[in-house]
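Below are the chains, spelled out letter by letter.
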Amino acid sequence: MPIHFEDTDFIPEVKGLRSALIVPCRMCPAATIAVREKKPFMELFKSLFKSQPFEQYLNTIQALLTENGVKSKVFGCTFYHQWFMCMWSLGTRKKLLKEAKQYDAVLVLGCSSATVTVRDTVKSINCKVIEGMEAKSIMNAKLSFQLPCNVFFKDCKETPLVQQNTEKQEILD
């Protein structure tokens, strides 16, 4: 049940900055982009543990930043269990802090929890934290496997987060 995101207009936030480190959660945002592009989430024989639609999306964001005079790099994790930014290990957080020291801002691609992870990690340095995506709903999807080992999300339905909050409040009342 990945979170579905919509892009935010982060360009006004980066105006005047020289550099930004792009810090992506590699699960929910990647699922969102794969569903939006109607492409496989992963093609295991083509790119082990990488979502090609999401990698192209990251390249597009880097090009957009470059057009606006902002040098950028994508922060990377090598282990698949580090995809979920909300569950990063202390070691990954230390790696982020070390890299973020070289940048004016960190552009977070993930949910509010991902943003909290980054904000808590970089709070000791003078680094602006910018949200590059906004959570809109929860995706309910069927995982589908197609030869040769491609992973798709099929029959996606979205439950708006606002609706969940309203229903939760009704239950509590």
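Residue numbers run consecutively from 1 along every chain, following the written order of its sequence. In keeping with the model being predicted, local features are shown solely for residues with a pLDDT of at least 70 and side-chain atom pairs are shown and tallied solely at 80 or more, while totals for entire chains, interfaces and linings include all residues. The side-chain quantities take in all heavy atoms of the structure and omit both hydrogens and water.

S.K.: How should the packing of helix 4 (residues 90–100) against helix 5 (residues 112–122) be read in this particular structure?
M.R.: Working note: a packed helix pair is described by the angle between its axes plus the distance between those axes. Packing of helix 4 against helix 5 leaves a shortest axis separation of 9 Å and a crossing angle of 65°. In terms of crossing hand, the pair formed by helix 4 and helix 5 is right-handed. Mapping the contact onto sequence places Arg93, Leu96, Leu97 and Ala100 in helix 4 and Thr117, Val118, Thr121 and Val122 in helix 5. Amino acids outside the nonpolar list (Ala, Val, Leu, Ile, Met, Phe, Trp, Tyr, Cys, Pro) and the charged list (Asp, Glu, Lys, Arg) are all regarded as polar, and Gly is one of them. Here the residues of the contact of helix 4 with helix 5 sort into 5 nonpolar, 2 polar and 1 charged. Fitted lines through C-alpha atoms give the axes, limited to the stretch in contact for helices. The angle between two N-to-C directions lies from 0 to 180 degrees. Only DSSP runs of H or I covering at least 4 residues are called helices, and only runs of E covering at least 2 are called strands; the numbering of each starts at the N terminus. Handedness of a crossing follows from how the near helix is turned relative to the far one, being left-handed for an anticlockwise turn of less than a right angle and right-handed for a clockwise one. Contact between two residues is taken to exist if any of their heavy atoms lie within 4.5 Å; hydrogens are not considered.

S.K.: Explain helix 2 (residues 28–37) to me, please; I cannot follow it from the model alone.
M.R.: Because each turn of an α-helix spans 3.6 residues, side chains separated by three or four positions in sequence point in the same direction. Only protein chains enter the accessibility calculation, which uses a 1.4 Å probe; a residue whose area is less than 20% of its type maximum is buried, one above 50% is exposed, and one in between is partly exposed. Along helix 2, 7 of the 10 residues are buried, which leaves the element largely enclosed by surrounding structure. What helix 2 keeps buried is the set Cys28, Pro29, Ala30, Ala31, Thr32, Ile33 and Ala34. Lys38 occupies a position one or two residues after helix 2 and carries a positive phi of about 55°.

S.K.: What's the story with the sheet that holds strand 6 (residues 128–131) in this structure? I'm lost.
M.R.: Paired through backbone hydrogen bonds, the strands of a sheet run either parallel or antiparallel to each other. Pairing within the open sheet is parallel, and its 4 strands lie in the order 4-2-5-6. Whereas interior strands pair on both sides, the edge strands pair on one side only; in this sheet they are strand 4 (71–74) and strand 6. With strand direction ignored, the average angle separating the axes of adjacent strands in the sheet is 25°. A strand pair is defined by DSSP finding two or more bridges across the two strands. Relative to strand 5 (residues 105–109), strand 2 (residues 19–24) is paired through 5 bridges, and the arrangement is parallel. Within strand 5, the position partnered with Leu21 by the bridge is Val106. Along the sheet, helix 4 makes contact with strand 2, strand 4 and strand 5, crossing strand 2 at roughly 160°.

S.K.: Help me out: how do you make sense of the pairing of strand 4 in this one?
M.R.: The side chains of a regular strand alternate between both faces of the sheet. Of the two faces of strand 4, only the one carrying Ser72 and Val74 is buried; Lys71 and Lys73 on the other face are not. Both strand 2 and strand 4 contribute to a ladder of 4 bridges, which runs parallel. From the neighbouring strand, Leu21 faces strand 4, where its bridge partner is Lys73.

S.K.: Can you walk me through the environment of Val116 in this structure?
M.R.: With respect to the secondary-structure elements, Val116 resides in helix 5. For Val116, a relative accessible area of 44% puts it in the partly exposed group. When the C-alpha positions of Val116 and Met85 are compared, they lie 9.6 Å apart, and in sequence the two are 31 residues distant.

S.K.: I keep staring at the pattern of salt bridges and nothing clicks. Help me out?
M.R.: Note on pairing: side chains with opposite charge can pair once their charged atoms come close. Within this document, salt bridges are pairs made up of a side-chain nitrogen of Lys or Arg and a carboxyl oxygen of Asp or Glu, the two lying within 4 Å of each other. Tallying each qualifying case throughout the model produces 6 salt bridges. Residues Asp7 and Arg36 are paired through a salt bridge, measuring 3.3 Å at the closest nitrogen-oxygen approach. You can see Asp7 sitting in strand 1 (residues 3–7) and its partner Arg36 sitting in helix 2, a full 29 residues away along the chain. Linking Arg18 and Asp104 is a salt bridge whose minimum nitrogen-to-oxygen distance equals 3.1 Å. With Arg18 in the loop between helix 1 (11–14) and strand 2 and Asp104 in the loop between helix 4 and strand 5, this residue pair connects regions lying 86 residues apart in the sequence.

Keep in mind that these numbers describe shape and distance, not what the molecule does.
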